[in-house]
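Here's the letter readout for the chains.
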Amino acid sequence: MKAMRVHEYGKPLKLDEVEVKKPGPKEALVKIEACGVCHTDVHLAEGALKTEYFGGKRPWILGHEIAGNVVEAGSEVTDVNVGDTVLVDAWTAYTCGTCMPCRTGVENCCINNTPIGFGKDGGYAEYITVPAKALIKIEKLKPQDFASLACGGVTVFRALRKAAVTPSDTVVVYGAGGLGMFAVQLAKLMGSTVIAVSRSAEKLEMAKKFGADHVVDASKDPVNEVWKLTNGRGANVVLDLVGLEQTLENGLKMLGVLGRFLVVGVGPGPLKCLPDTAVNFELTISGVKVGTHKDLVDLVELAKKGFVKPVTTQTFKLEEANEALEKVKKGEILGRCVIKP
Ligand code: ZN
C-alpha cells in the first residue's frame, strides 16, 4: 500500500510503498477513507514531539484521526464485521491495560501508551491494521466528515465534561480552528452561552455559524471584552486551545469566581498564575489529554444523533500530505482538513 512516512524530522514526508499487515486474531484491517490532519502532526513531523518518546521509531506513518471500512477481521473479532464503517480510537488502541491510569478508567493517561500515529503507524496510508477493540462503528456518518472526532472532537468534549458545563455557564472557546468548532457546538449542546475568541475574522465568522453567541477579536483586548459580555461576572469556563503565553494569561484573566480553566492546546506556554488570583477566585486549572475510549464512544453517539456537525472544509490526496501539513502549520485551514487516500 501507499503511505506517507516521516523519515527525518523537519523534512517533507515521503511517499513509500509499505506492506499491509495481516490482522491477528483480535485485529481488523481497515481501508482508510479519511484521516484528519491535526496540528500535533506538524509537531511530530518537525520533531518538536518525537515518535521515540511514544515508543516508536522512524520511518513511521503519521495520522491519528482515522475513519474507514473494515475489510478483514481476525478470527476472534466479534463486535465489528467486514463492511462496517468505523472510527479508530487512535489514542487508546495500544494502552497497556495494566498501569494505574489504565486500571482506574483514565487510560488516556496510560504511562506505557504507544498511540497510533505517534508511536505506531497511523492513517496517512491506504490501510491500517488495528486492535478491533479500538474501533467504533459510525454507521451512516461519512468518514471524511467525522474522522476528526477521534482527536479534535474528543479532546474538547472531555474538556467540557471535566468543566462540568451547565446551562448557566458562559464558556470561552479560545482558538477557533478545528477543535474550536467542535467546542463551540458541544458547549452550546450543554446549554451554555459561548464566546469564541480568535485573531481571524474568517474563523470567528465560522464560529458564529456553529452557534457561538458572541465572538471576540483576540487582538483587541479580549479580556475586557469577555468581562463586558458577562456583565462583570467573568467567564465560568475557559478552554485554551492554543497554549501560548498570551492566550494562557488572557484566558485566566477572563475567569470569574469559581472559574474553570481547561488547558487543551499544547503550545510553548508557560502557564503562569499568581497564587493570589487562584485563591481569591477559587479557580480550578485542569489539563486535558485527548480522551478516554468512553468519551469517544459517547461523542460518536452524539454525532449519530445529529448533534455534532462536521467541521471538515478541505480534502487532500495522500500524496498531498505535505501541502496539508504546511497549511495547517500556517493556520490557513478553516475547521479541519482531511487526507483521503
Ligand atoms: Zn490530534
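These figures come from a predicted structure and were not determined experimentally.

Here is what the cut-offs are and how they apply
Residues numbered from 1 in each chain as written. Predicted model: local features only at pLDDT ≥ 70, side-chain atom pairs only at ≥ 80, totals over all residues. Heavy atoms only, no water. 1 Å grid on protein atoms, 1.4 Å probe; cavity = no way out; pocket = protein on both sides within 12 Å on 5 of 7 lines; lining within 4 Å. Points joined across faces, edges and corners; volume = space filled by probe spheres on them. Helix = DSSP H or I, 4+ residues; strand = E, 2+ residues; numbered from the N terminus. Nonpolar A, V, L, I, M, F, W, Y, C, P; charged D, E, K, R; others polar. Salt bridge = Lys/Arg side-chain N within 4 Å of Asp/Glu carboxyl O. Buried < 20%, exposed > 50% of the residue type's maximum accessible area, 1.4 Å probe, protein only. Donors = N, O, S within 2.8 Å, 3.2 Å for Na, K, Ca; no water. Pairing = 2+ DSSP bridges. Axes fitted to C-alpha atoms, helices over the stretch in contact; angles between N-to-C directions.

> In this structure, what is going on with the layout of surface pockets? I would like to understand it.
The rolling of a water-molecule-sized probe over the atoms marks out the regions of remaining empty space. Computed from the structure, the second largest pocket encloses a volume of approximately 430 Å³. Together, 23 residues line the second largest pocket, and Lys 21, Tyr 94, Lys 120, Asp 121 and Thr 129 are the ones closest to its centre. Sorting the residues of the lining of the second largest pocket by element identifies β4 (60–61) and β7 (127–131) as the ones contributing at least two each. The element that contributes the greatest number of residues to the lining of the second largest pocket is β7, accounting for four residues. For the lining of the second largest pocket, the per-class residue count stands at 12 nonpolar, six polar and five charged.

> Help me understand the pattern of salt bridges in this model?
Should the charged atoms of two oppositely charged side chains come close, the side chains can pair. Enumeration according to the criterion identifies 25 salt bridges in this entry. Note that Glu 225 is salt-bridged to Lys 228, the shortest N-O span being 3.3 Å. On the criterion of helical spacing, the pair formed by Glu 225 and Lys 228 is a turn pair, its members being three residues apart in helix α7 (residues 222–229). Residue Glu 225 is classed as partly exposed on the basis of its relative accessible area of 27%.

> I tried to follow the coordination of the zinc ion on my own but got confused; where do I start?
Tetrahedral coordination by four donors sets the ideal angle at the metal to 109.5 degrees; octahedral coordination by six donors sets it to 90 or 180 degrees. For the zinc ion, the protein coordination sphere consists of Cys 38 (SG), His 64 (NE2) and Cys 151 (SG), at 2.0 to 2.3 Å. All donor residues of the zinc ion come from one chain, and their arrangement in sequence is C-x25-H-x86-C. You can see Cys 38 sitting in the loop between β3 (27–36) and α1 (39–46) and its partner His 64 sitting in the loop between β4 and β5 (65–73), a full 26 residues away along the chain. The exposure classification of Cys 38 matches that of His 64, with both residues buried.

> Before we go on, may I ask you to explain the sheet that holds strand β13 (residues 255–263) in this structure?
Hydrogen bonds along the backbone pair up the strands of a sheet, which may run parallel or antiparallel. One open sheet holds the six strands; their spatial order is β11-β10-β9-β12-β13-β14, and the pairing between them is parallel. Only two strands of the sheet have a single neighbouring strand rather than two, namely β11 (214–217) and β14 (284–287). Across this sheet, the average inter-strand angle for adjacent strands is 20°, counted without regard to direction. Note that β13 and β14 share four bridges and pair parallel. From the neighbouring strand, Leu 262 faces β14, where its bridge partner is Ser 286.

None of this, on its own, says anything about what the molecule does.
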